[in-house]
Amino acid sequence: MSKSPMKISPCFEDIMPKEYTELVEQGPFGRDDVGVSNLGNFKELIEEHPLCAGCGLALSMRMILASLPDPENTIIVGSTGCSALAFSQVAVHNIHSVFGNQNAVASGLKRALKLRFPNKPKDVVVIAGDGATADIGLDMVMHSWFRGENITTIMLDNEAYANTGGQESGMTTEGSVLNMAPKGKNFKKIELTDIAEKSGCGYVGKCNPAKPKVLEKMVRRAILTAREVGPTYVQVYGPCPTNYKLKPDEVIDTIKAREKDGTYATKEYISEEVQELLNRLEGGQK
């Protein structure tokens, strides 16, 4: 890893914004000794955002960004949703795609980067909500998996179309009542982790920000696997306090309760090929 892409030219050092200088000097670029355990002790890739107080999605984004194995060589592809409001404040190259089109954009981008930089890994990571991933963009998501594209897809699952009034999504649990689903959802939550496994993803993880080290491990494993093996998928639960009528300080308790009752349990799928890769990269760590 290298800081060369963001190094400040000597003639501009005295006029660069303080935040940029801090990012170069104290950020995660060019380092492999920072992660979720060090949050608050280094200049993070996102430090402010316009999302709601207590937003589980915003907390998940913060941890995902702190978990990137090589942020200076990472390009994030996002889509319409709450997360899109925050990406303008993220200090990583990122692209906003048409709603649901993110995996198609990421596929083309990854192929182009392979041609342009054949000897340097460039990580392309899709980060999008449940509406963009499991509903409107499901066809493009699945076909990127079928084709074996070397990209990581991370779903920020808040179980709703949260930024447009609180409609139910395919990821909303059965019976959930929302502003625009007053009678409650009448069908089950999509098991997208199972679909990902059957569609060609060699690594699939399901986690939440209440377990930061687990989230970090899954994000890193997914990205490193995508470099060498093929598509990977991570699903992160981040409940929406606004549409689910939670107080900001109740979000983590809600996550822990869902983990305990098994309705959003942490799980991991690793194919034999991916396990061999992880054994080599991690030295047999669990």
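Preceding this section is the structure that the text describes.
Nothing here was measured: the structure is a model prediction, and the numbers come from that model. (Residues numbered from 1 in each chain as written. Predicted model: local features only at pLDDT ≥ 70, side-chain atom pairs only at ≥ 80, totals over all residues. Heavy atoms only, no water.)

1. Some points on the environment of Tyr203
Stage number 1. With respect to the helices and strands, the residue Tyr203 is situated in strand S5 (residues 203–207).
Stage number 2. Residue classification places Tyr203 among the buried residues on the basis of a relative accessible area of 0%. (Helix = DSSP H or I, 4+ residues; strand = E, 2+ residues; numbered from the N terminus. Buried < 20%, exposed > 50% of the residue type's maximum accessible area, 1.4 Å probe, protein only.)

2. Some remarks on the layout of surface pockets
Any empty space left between the atoms is revealed when a probe the size of a water molecule rolls over them.
Stage number 1. A volume near 240 Å³ is recorded for the largest pocket.
Stage number 2. In terms of lining residues, the largest pocket is bounded by Glu19, Tyr20, Leu23, Lys43, Glu44, Leu45, Ile46, Glu47, Glu48, Gln89 and Ala91.
Stage number 3. Split into classes, the residues belonging to the lining of the largest pocket amount to five nonpolar, one polar and five charged. (1 Å grid on protein atoms, 1.4 Å probe; cavity = no way out; pocket = protein on both sides within 12 Å on 5 of 7 lines; lining within 4 Å. Points joined across faces, edges and corners; volume = space filled by probe spheres on them. Nonpolar A, V, L, I, M, F, W, Y, C, P; charged D, E, K, R; others polar.)

3. Overview of the nonpolar core
Stage number 1. If you look at the biggest cluster of nonpolar residues, it comprises 40 residues, and the most contacted ones within it are Met61, Ile64, Ile127 and Ile154.
Stage number 2. If you list the elements that add at least two residues to this core, you get helix H2 (56–67), helix H3 (82–87), strand S3 (123–129), strand S4 (152–157), S5, helix H8 (212–228), strand S6 (232–237) and helix H10 (272–282).
Stage number 3. With seven residues, the top contributor of residues to this core is H2.
Stage number 4. Those residues in contact with Met61 that lie beyond four places of it in its chain are Ile46, Ser83, Ala86, Phe87, Val90 and Leu156. (Core = buried A, V, L, I, M, F, W, Y, C linked by side-chain atoms within 4.5 Å. Contact = heavy atoms within 4.5 Å.)

4. Overview of the pairing of S4
Stage number 1. Within S4, six of the six residues are buried, leaving the element largely enclosed by the surrounding structure.
Stage number 2. The two faces of S4 match: Thr152, Ile154 and Leu156 on one face and Thr153, Met155 and Asp157 on the other face are all buried.
Stage number 3. When S3 meets S4, the two strands line up parallel, connected through five bridges. Along S4, the bridge assignment pairs Ala128 with Met155.
Stage number 4. In this structure, S4 lies alongside S6, joined through six bridges in parallel fashion. For Ile154, the partnering residue across the bridge sits in S6 and is Val234. (Pairing = 2+ DSSP bridges.)

5. Considering the sheet that holds S3
Stage number 1. Strands sit in the order S2-S1-S3-S4-S6-S5-S7 across an open sheet of seven strands; the sheet is mixed. Each edge of the open sheet is held by one strand with a lone partner, namely strand S2 (93–96) and strand S7 (267–270). Neighbour-to-neighbour, the strand axes of this sheet turn through a mean angle of 15°, independent of strand direction.
Stage number 2. With respect to the sheet, H2 is in contact with strand S1 (74–78), S3, S4 and S6, its orientation differing from that of S4 by roughly 155°.
Stage number 3. Contacts from H8 reach S3, S4, S5, S6 and S7 within the one sheet, and its direction differs from that of S5 by about 160°. (Axes fitted to C-alpha atoms, helices over the stretch in contact; angles between N-to-C directions.)

6. Digging into the pattern of salt bridges
Stage number 1. Following the criterion strictly, the structure yields 18 salt bridges and no others.
Stage number 2. Among the ionic pairs, Glu259 bridges to Lys211, the shortest N-O distance being 3.4 Å. Placement of Glu259 in helix H9 (residues 251–261) and of Lys211 in the loop between S5 and H8 is noted, with a sequence separation of 48 residues between them.
Stage number 3. Residue classification places Lys211 among the partly exposed residues on the basis of a relative accessible area of 34%.
Stage number 4. As a salt-bridge pair, Arg220 and Glu216 come within 3.7 Å of each other at their nearest N and O atoms. Separated by four residues within a single helix, Arg220 and Glu216 lie in helix H8, roughly one turn from each other.
Stage number 5. Residue classification places Arg220 among the partly exposed positions, given a relative accessible area of 23%.
Stage number 6. Residues joined by salt bridges that share partners form a network here, namely Lys18, Glu22, Lys43 and Glu47. (Salt bridge = Lys/Arg side-chain N within 4 Å of Asp/Glu carboxyl O.)

7. Details of the packing of aromatic side chains
For any two aromatic rings, the description comes down to two numbers: the centre-to-centre distance and the angle of the planes.
Stage number 1. Per the stated rule, a full pass over the model turns up two aromatic pairs.
Stage number 2. Aromatic pair Tyr237 and Tyr264: ring centres 4.5 Å apart, planes at 20°, arrangement stacked. Linking Tyr237 in strand S6 with Tyr264 in the loop between H9 and S7, this pair joins segments that are 27 residues apart in sequence. Like Tyr237, the residue Tyr264 is buried in the burial classification.
Stage number 3. Positioned above the aromatic ring of Phe117 is the side chain of Arg116, whose terminal nitrogen or guanidinium carbon lies 4.6 Å from the ring centre.
Stage number 4. Sitting over the face of the ring of Tyr237, Arg258 holds its NZ or CZ atom 4.8 Å from the ring centroid. (Phe/Tyr/Trp six-rings, centres within 6.5 Å; stacked < 30°, edge-to-face > 60°. Lys NZ or Arg CZ within 6 Å of the ring centre and 35° of its normal.)

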